[in-house]
Amino acid sequence: MSQQLINAYLNELATLRRIGGTTEGVTSEAFKDLLKAWARPLGFTFIPKHAFTTTAKVFNIVDGAIMLERFPIGYWEAKDEDDDLDVEIEKKFRRGYPKSNIIFEDTHRAVLWQHGKFVMDCAVTDGPELGKLLDIFFGYEREETTNFKKAVAQFKVDLPPILDILRQQIDAAQADVPAFQSAAAAFLKQARETINPSVTAEDVREMLIQHILTENIFAKVFGDDEFHRKNNVAKALYALEDTFFSGDVRRRTLSKLSTYYAAIESASALITSHSEKQGFLKAIYEGFYKVYNAKAADRLGVVYTPNEIVRFMVESADWLCEKHFKKNLIDRDVEILDPATGTGTFIVELLEHFSGQPEKLKHKYAEELHANEVAILPYYVANLNIEATYNAITGSYAEFPGLCFVDTLDNVAALGIFSGHQYDLLGGMSDENADRVKRQNSRKISVIIGNPPYNAWQENYNQNNANRPYARVDQRIGATYIKEGTAQNKNSVYDMYTRFVRWASDRVKDEGVIAFIIGRKPFAKAAYDGFRKVIAREFAEIWVFDLGGDVRDNPKLSGTKNNVFGIQTGVAMVFLVKKKGKSGGAIIRYARRPEMETAEDKLAAVSAIGGLGNLAVETIQPDRKDDWLNLSDNDWDSLVPLVDPGVSLARTTAQHKAVFRLMSNGLKTQRDEWAYDVSKDCLAAKVRQMVDIYEATRRDPTFADRETIKWDAELDRHRAANVSKAFTPDAVIESAYRPFTKRWLYFDTHFNGRTYQLPSMFGRGPNPTLIFSDPFAQKPWMALSVDGVPDLHLVGAAAAAICTSRFRFNKEGDRLDNITDWALTQFTDRYGKAAAISKDDIFAYVYAVLHDPVYRETYALNLKREFPRIPLYPDFGKWRVWGQALLDLHIGYETAAPAPVIRTDTRDPKRAEGTTPVVKLKSDADNGIVVLDADTQLSGIPTQAWRYRLGNRSAIDWVLDQHKEKTPKDPTIREKFNTYRFADYKETVVDLLARVVTVSVETVAITDAMAALPAGAREQKT
Ligand SMILES: C[S@@+](CC[C@H](N)C(=O)[O-])C[C@H]1O[C@@H](n2cnc3c(N)ncnc32)[C@H](O)[C@@H]1O
């Protein structure tokens, strides 16, 4: 690999020489590319034109630096081939170039210095020698870095006990130290009034801990700890700390972290440039928080914004201001706010942006720049970063008065009429932070720029990390985005991105620019139709620069590789321009980076484009449904809805304008390991235990063994409501757990977390049921038919299964038709009375259509947004027959004729007497083989059988996967009920596989026949 890179380098060098000449500016590109290519797989980043200031205050720019995270670990300096390289090296060292690890190169020779000494010198054409030089160069690690890495690893181990001690000490001070009690009470009161009303004494304790743990670090990196001590919030926390934590207690408590502090100290001693200091603060910001409290870091979205993006957004906001308001960001009266400032990158970038005009900069800094932060550590980091940057630019220190320690979304006083109250919450307060917030609230903010928090775990209920509600802002969302939307899943619209957009939209009042980097979901997903409709009405111009990287939408992407934040949710920059008197019908401009582009290339592109003024965009015309992206141009809306979630439970039958009346999500047990089992007896034993423990806990909530079953919010509610439970044998029924895999299920509204409408469909006799993918499923769209309760995750997680059945049952247990009369009329009108279409025929027809490959392709985008609609193809009879055949195959798979597969049993010679063969359960589609275990395999399986897929797996692979021996996650199940052994079911699985092969081959034959139909076969009558 490395020699290949060197050969590519030499080729590029030859080409550049031939075309561009021999000057350094041209030929150095080749070595730069070589360094970049070498650095990437090692996890390093190449930064061109890296600036640094020596200890003697000489400013230098080296041609390139190799960075590990944010630390430079090596440098590269290119020279002209006409230069005398040795003389140039001398000169550079005299200017203070680092001798730690640096390559000098003039396209003929490369010279390496390391640890202050000359190491080697070689001709660049000598491949092996150049390879060696680069290996030594990239292998360099300075001692401080090694120590720092070790210390960070150690920090993770050492921190938790220290946190415990600190918490105990603070609790003790809270109980016994009057000075602490009064200082803490005063601090809490102020925090509640300024930050947000839900701050608790515990939050204050955590703030204090972060303060104590990081004060040393800041003092070390910035040398002059005055910077930090002068800050108003820090002063209050220092005062609080002094009441109980000083001298010996302090030294003893923190002594365990001394290696960490020492490593930071030695690493920070090497940090000379301002930009390196900034980088270091970012590392502390992300690194510290993730160790200290990963959940809080996630909830707050503690992740810094790449500089390329910050710069692009600042340039673009400036350009938009000039374009629309004939003013630049630096001009008087353009007040700018970053509402979620983190490390303060946006303010820092603005200061750099203004650095050419020092007088104006001073005024901006003192009067017209504002930033909010709600967590103490980032607040400190931002304060240091911003003040140090100002100091570096102007040469003088000045406090940054625009930084507020406040929860932006709670600070609704600034929203004036939208706040619902006219008085200022902070009216009576005198503390400096409150004064700062009041000052900000009194200003007319024209530009809001920043990176609102993204909370990854919020999306997953089990992670239990949801953001708190924000009453006022949520009310505003309800009155606007929700009111105007038609989406089913309205809750998802109350996320942190929409909250910040709502807050900012109200904050700029009738004129201004908002520049945010947020998720791309609000622009792409059906649930946000109201959001899109409203912002298009409230703003005059909207720009969306889509940086993609949505791993959930496209599993081929990887968060770390393709997403600019390394997260799973796609990202977009959005710019919103509000203009007086101009509302309704915003002009919407859109651009996107290529889907598969790497994050690194995206950032390089963002940086090369520089700003919106240079961005090639398309203009978007939203469609009737307020979709902006992936507009589909087809006849979808004229098709017959399969289900209509809006009216499925309405009383009057006439309102049901869909094929089926009742639909449901699949079963969400919230405790699969307790609710399902292969063995009926084992399931009964588990449920009996569940009932016993539940009942014991119901009678005595402090029951010692309560945690031996799996609780969740629902079950706890039933317990609190005193719902008594007993084991009911009739509740044990067969379920459709995974494709072609039945499981015994304990079907019970209390012990299954969510049963949705399923009790009206199941448990009262046969009921053929259609299943299809939820529009938001992140797996390929699928349909299946079953006769048993389907699981929500029929085809795995992140893909919900929706079902609708042939019949439904009322409370009295009467069986009713679930296909509507409305549907029968539609079909009869279309095909004529003579066709004598019955509801069973419709059921079969619909099932066929859902399998039509042409249907799935034509309406792929629609199926990702909505529940299916059904076209009425000319030859009803043909589709009905296909549909019935598919229903018989899929529902009756256990009675399908077994395919003539060849079974080979060869005893594994390594198997000890009396043991069972090692379980394999793997398939080899190319060779038509299934390996069951070390003794047995099946062959002669037609390869097309694997083409029958549901979600991400073939039917065959589902059967194999579901018969593997897996270690249960639940400790009780693992210890007491882990009874499944493949060997006990081997013969059943062999039989089942042979039948599923038949089902697969015949299904594929039918869908191939559908695909082969001539075009006219799907013409719709108009
Ligand atoms: C994505 S980060 C911003 C990163 C920043 N642009 C940077 O490069 O460092 C979001 C920040 O907003 C803060 N934050 C989250 N919710 C907030 C709120 N409601 N009010 C103010 N700040 C908030 C978080 O603590 C976090 O530091």
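Cut-offs applied
- Residues numbered from 1 in each chain as written.
- Predicted model: local features only at pLDDT ≥ 70, side-chain atom pairs only at ≥ 80, totals over all residues.
- Heavy atoms only, no water.
- Helix = DSSP H or I, 4+ residues; strand = E, 2+ residues; numbered from the N terminus.
- Rg over C-alpha atoms; globule rule 2.2 N^0.38 Å.
- Buried < 20%, exposed > 50% of the residue type's maximum accessible area, 1.4 Å probe, protein only.
- Contact = heavy atoms within 4.5 Å.
- Areas by Shrake-Rupley, 256 points an atom, 1.4 Å probe, with all protein chains shown as cover.
- Lys, Arg positive; Asp, Glu negative; His and termini not counted.
- Charge placed at Lys NZ, Arg CZ, Asp CG, Glu CD.
- Salt bridge = Lys/Arg side-chain N within 4 Å of Asp/Glu carboxyl O.
- Near = heavy atom within 4 Å.
- Polar contact = N/O pair within 3.5 Å; in protein donor to acceptor, adjacent residues only side chain to side chain.
- Nonpolar A, V, L, I, M, F, W, Y, C, P; charged D, E, K, R; others polar.
- Pairing = 2+ DSSP bridges.
- Axes fitted to C-alpha atoms, helices over the stretch in contact; angles between N-to-C directions.
- Phe/Tyr/Trp six-rings, centres within 6.5 Å; stacked < 30°, edge-to-face > 60°.
- Lys NZ or Arg CZ within 6 Å of the ring centre and 35° of its normal.
- Expected span 1.5 Å × (residues − 1).
- Core = buried A, V, L, I, M, F, W, Y, C linked by side-chain atoms within 4.5 Å.
- pLDDT = per-residue confidence, 0-100.

A. Fine view of the overall build of the protein chain. Across its full length, the protein chain carries 35 helices and 33 strands. Here the C-alpha radius of gyration of the protein chain, 33 Å, is about what a compact globule of 1022 residues would show, namely 31 Å. Referenced to the eigenvectors of the C-alpha coordinate spread, the extents of the protein chain come out at roughly 95 × 75 × 70 Å. Looking at the protein chain as a whole, 54% of its 1022 residues are labelled buried. The long-range fraction of contacts in the protein chain, counting pairs at least 24 apart against all pairs at least 6 apart in sequence, stands at 70%. Total accessible area on the protein chain is roughly 43,000 Å²; 51% of this is exposed by carbon and sulfur atoms. Each charge class in the protein chain was averaged separately, 132 positive and 139 negative side chains, and the resulting centres sit 4 Å apart.

B. Summary view of unusual backbone geometry. Positive phi, close to 60 degrees, is recorded for Phe 740, a residue that is not glycine. As for its position among the elements, Phe 740 is in the loop between β19 (732-738) and β20 (741-746). For Phe 740, a relative accessible area of 4% translates into the label buried. In this structure, Tyr 756 takes a positive phi of about 50 degrees despite not being glycine. In this structure, Tyr 756 sits in the loop between β20 and β21 (769-773). Accessibility expressed as a relative area gives 30% for Tyr 756, which makes it partly exposed.

C. Representation of the pattern of salt bridges in the model. Evaluated as defined, the whole model comprises 66 salt bridges. Glu 88 is paired through a salt bridge with Lys 79; the nearest N and O atoms lie 3.7 Å apart. You'll find Glu 88 and Lys 79 in the same group, each marked buried. Residue Asp 546 is joined to Arg 520 by a salt bridge in which the shortest nitrogen-to-oxygen separation is 2.9 Å. Of this pair, Asp 546 sits in strand β12 (residues 541-548) while Arg 520 sits in the loop between β11 (512-519) and α21 (521-524); the two residues are 26 residues apart in sequence, bridging distant segments of the chain. Exposure remark for Asp 546: the relative accessible area of 1% places this residue in the buried category. What makes Arg 520 buried here is its relative accessible area of 8%. Residues participating in the shared-partner salt-bridge network are Glu 77, Lys 79, Glu 88, Lys 91 and Lys 92.

D. Region of interest: the site of the ligand. Close contacts around the ligand come from 24 residues, with Tyr 285, Thr 305, Thr 343, Thr 345 and Glu 373 the closest. A distance of 2.5 Å is found between an oxygen atom of the ligand and a side-chain nitrogen or oxygen belonging to Thr 343. A distance of 2.7 Å is found between a nitrogen atom of the ligand and a side-chain nitrogen or oxygen belonging to Asp 407. Here the ligand, which alone exposes 610 Å², has 99% of that area covered by the protein. Residue composition of the shell around the ligand, by class: 14 nonpolar, eight polar and two charged.

E. Structural detail: the sheet that holds strand β9 (residues 403-405). Overall, mixed pairing links the nine strands, which are arranged β9-β8-β7-β10-β11-β13-β12-β14-β15 in an open sheet. The open sheet has two edge strands, β9 and β15 (618-620), and neither has a second partner. Averaged over neighbouring strand pairs, the angle between their axes works out to 20 degrees when direction is ignored. The pairing of strand β7 (residues 335-338) with strand β10 (residues 445-450) spans three bridges and is parallel. By the bridge assignment for β10, Leu 337 is matched with Ile 448. Sheet contacts for helix α15 (residues 345-353): β7, β8 (369-373) and β10; angle to β8, the most-contacted strand, approximately 160 degrees.

F. Quick peek at the packing of aromatic side chains. For the structure shown, the criterion picks out 43 aromatic pairs. Considering the side-chain rings of Tyr 528 and Phe 531, the 6.4 Å spacing of their centres and the 85 degrees angle between planes classify their relative orientation as edge-to-face. A relative accessible area of 2% places Tyr 528 in the buried class. Grouped by ring-pair contacts, the aromatic residues Tyr 481, Phe 523, Tyr 528, Phe 531 and Trp 628 constitute a single cluster. The cationic tip of Lys 725 hangs over the ring face of Phe 751; the distance from NZ or CZ to the ring centre is 5.3 Å. Note that Arg 953 overlies the ring of Trp 958, its terminal NZ or CZ placed 4.6 Å from the centroid.

G. Structural context of the pairing of β20. Pairing of strand β18 (residues 676-677) with β20, which is carried by two bridges, proceeds in the antiparallel orientation. Within the sheet, the bridge partner assigned to Tyr 676 lies in β20 and is Leu 745. Here β19 hands over to β20 after two residues, with Phe 740 in that stretch at a positive phi of 60 degrees.

H. Quick peek at helix α20 (residues 496-507). Taking 1.5 Å of rise per residue, the 12 residues of α20 would be expected to cover 16 Å, and the 16 Å separating its terminal C-alpha atoms lies within 8% of that figure. Burial of α20 is extensive: 12 of the 12 residues sit out of reach of the surface. What α20 keeps buried is the set Met 496, Tyr 497, Thr 498, Arg 499, Phe 500, Val 501, Arg 502, Trp 503, Ala 504, Ser 505, Asp 506 and Arg 507. Two or three places before Tyr 497, at the opening of α20, Asp 495 has a side-chain oxygen 3.1 Å from that residue's backbone nitrogen. Where α20 ends, the next residue or the one after it, Lys 509, has phi of about 55 degrees, a positive value.

I. Highlighting the nonpolar core. In this structure, Leu 213, Leu 329, Phe 523, Ile 535, Ile 542, Met 573 and Trp 628 are the most contacted members of the largest nonpolar core, which totals 145 residues. If we skip the residues at most four places from it in the chain, Met 573 touches Ile 309, Phe 312, Met 313, Phe 516, Ile 517, Trp 543, Val 544, Phe 545, Leu 547 and Val 606.

J. Main features of the environment of Val 918. Along the polypeptide, Val 918 turns up in the loop between β28 (902-905) and β29 (919-924). Along the backbone, Val 918 and Phe 31 are 887 residues apart, and their C-alpha atoms lie at a distance of 53 Å. Setting aside anything within four residues of it in sequence, one finds Val 918 in contact with Asp 933 and Ala 934.

K. Structural context of the confidence of the model for the protein chain. For the protein chain, per-residue confidence averages 88 on the pLDDT scale, and 92% of positions sit at 70 or higher. For residues 417-430, every residue scores under 50 in pLDDT, and the model assigns this stretch 29 contacts once sequence neighbours within four places are set aside. Taken as a whole, residues 458-465 scores under 50 in pLDDT and shows 18 contacts with residues more than four places along the chain or in a different chain.

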